[in-house]
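Remarks on the overall topology
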Amino acid sequence: MPSPAPLISLPAGDIHLWFCFHGDNGNPALTAEYFSLLTSEDRSRHDRFHFARDQHRYLLTRVLARSVLSRYAPVQAQAWRFATGPFGRPRIEAPLAEEAHGLDFNLSHTDGLIVMAVARGIDLGVDAENLGRKAAPEVADHFFSPSESAALNALPPSLQAERFFELWTLKESYIKARGMGLQIPLDSFSFALDDPGGIAFALADPLDGTAQRWRFWQLQPTREHLVSVCAAPGHSSPARIVCREVAPLQWERPLAVRTMRASGCI
């Protein structure tokens, strides 16, 4: 990635998705450069991972967050400081550059992929899954809403694993956008995916009128990966989702990603 690189425009309402496809190991010279961007706390957390592949993914995730945010504000990658909310969601704490005002991000990782969502003035969450992982459809009977569990069990067994991941990533994106993690019971809201290409969202509490705030997208950047995005755009719908593929500190390029499903304004 050129340095300094021109800042990227992030209009209000837009959501940028950065996709980092990776293996289990990194280049030693590049790894040393990555380490130079970490805080002492980052390094301590890195060292607590037992397996090398987990250390590598953690390192990539931290460097991805720092380097990508520096594409939107004139801040050196190592200068960003982060805090976590009461339920562990990371947010920008410093520096307070004008261009960083309202900037928010969310991260997710799975086997072979780290994805970072960036927006300005929008509550958002993102979740990714590798479709090659073993699904656990039985989890739906215990934690999903009754309608979700019934719809999942009604499918042929050959389709249940993919539908499970579709529902799971949507649920994860929503609770991450809310910033409350599993403090929100997974059966207190539900998704219906009966309409091809559509996503219907409902809250279990009929008196809760906030369901219409949220928009959802489901994308498939590769045949193995599924990504769900949740956002509350406020007074206007997000103008667009823009995707990029990136190798941190090396290169970036536009990425065309097919949107499998999307919700309307419900």
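Everything below is about the structure shown above.
All of the points below concern the structure found in this document. Since we're looking at a predicted model, the values are computed, not measured.

Bringing the side chain of Glu166 into the picture now. On the secondary structure map, Glu166 appears in helix H6 (residues 157-178). Of the polar contacts made by the side chain of Glu166, one reaches the side chain of Arg163; its length is 2.9 Å.

Turning our attention to the pattern of salt bridges. By the definition in use, this model includes 15 salt bridges. In this structure, Arg163 engages Glu166 in a salt bridge whose closest nitrogen and oxygen atoms are separated by 2.9 Å. Of this pair, Arg163 and Glu166 both sit in helix H6, separated by three residues, roughly a single helical turn. As far as burial versus exposure is concerned, Arg163 and Glu166 are alike and both buried. Overlapping salt bridges, with partners in common, bring together Asp42, Arg62 and Arg66 in one network.

Within helix H1 (residues 28-35) the residues assigned to the buried category are Leu30, Thr31 and Tyr34. The buried residues of H1 occupy one face: seen down the axis, they fall within an arc of 105°. Projecting away from the buried face of H1 at angles above 90 degrees are the exposed residues Pro28 and Ala29. The inward-facing, buried residues of H1 abut helix H3 (52-69). N-cap assignment for H1: the residue whose side-chain oxygen lies 2.9 Å from the backbone N of Ala29 is Asn27.

Further remarks concern the nonpolar core. By size, the foremost hydrophobic cluster in this structure holds 30 residues, and its most contacted members are Trp80, Met116 and Val118. Taken together, the elements giving at least two residues each to this core come down to strand S1 (15-21), H1, H3, strand S4 (103-110) and strand S5 (113-120). Considering each element in turn, this core owes the most residues, seven residues, to H3. If we skip the residues at most four places from it in the chain, Met116 touches His16, Leu17, Trp18, Leu64, Ala65, Val68, Leu69, Phe105, Asn106 and Leu107. In terms of nonpolar packing, the next biggest core, distinct from the first, is built from 27 residues, Phe216, Leu226, Ala232 and Met260 among them.

Let us now look at the sheet that holds strand S11 (residues 241-247). On the basis of which strands lie adjacent, the open sheet formed by five strands has the order S4-S5-S1-S11-S12 and mixed pairing. Two strands in the sheet have a free side with no partner beyond their single neighbour: S4 and strand S12 (251-254). Neighbour-to-neighbour, the strand axes of the sheet open up by a mean angle of 20°, direction not taken into account. Those strands touched by H3 are S1, S4, S5 and S11, and its axis lies near 25° from that of S5.

Conventions we followed
- Residues numbered from 1 in each chain as written.
- Predicted model: local features only at pLDDT ≥ 70, side-chain atom pairs only at ≥ 80, totals over all residues.
- Heavy atoms only, no water.
- Helix = DSSP H or I, 4+ residues; strand = E, 2+ residues; numbered from the N terminus.
- Polar contact = N/O pair within 3.5 Å; in protein donor to acceptor, adjacent residues only side chain to side chain.
- Salt bridge = Lys/Arg side-chain N within 4 Å of Asp/Glu carboxyl O.
- Buried < 20%, exposed > 50% of the residue type's maximum accessible area, 1.4 Å probe, protein only.
- Arc of directions from axis to C-beta.
- Contact = heavy atoms within 4.5 Å.
- Core = buried A, V, L, I, M, F, W, Y, C linked by side-chain atoms within 4.5 Å.
- Pairing = 2+ DSSP bridges.
- Axes fitted to C-alpha atoms, helices over the stretch in contact; angles between N-to-C directions.

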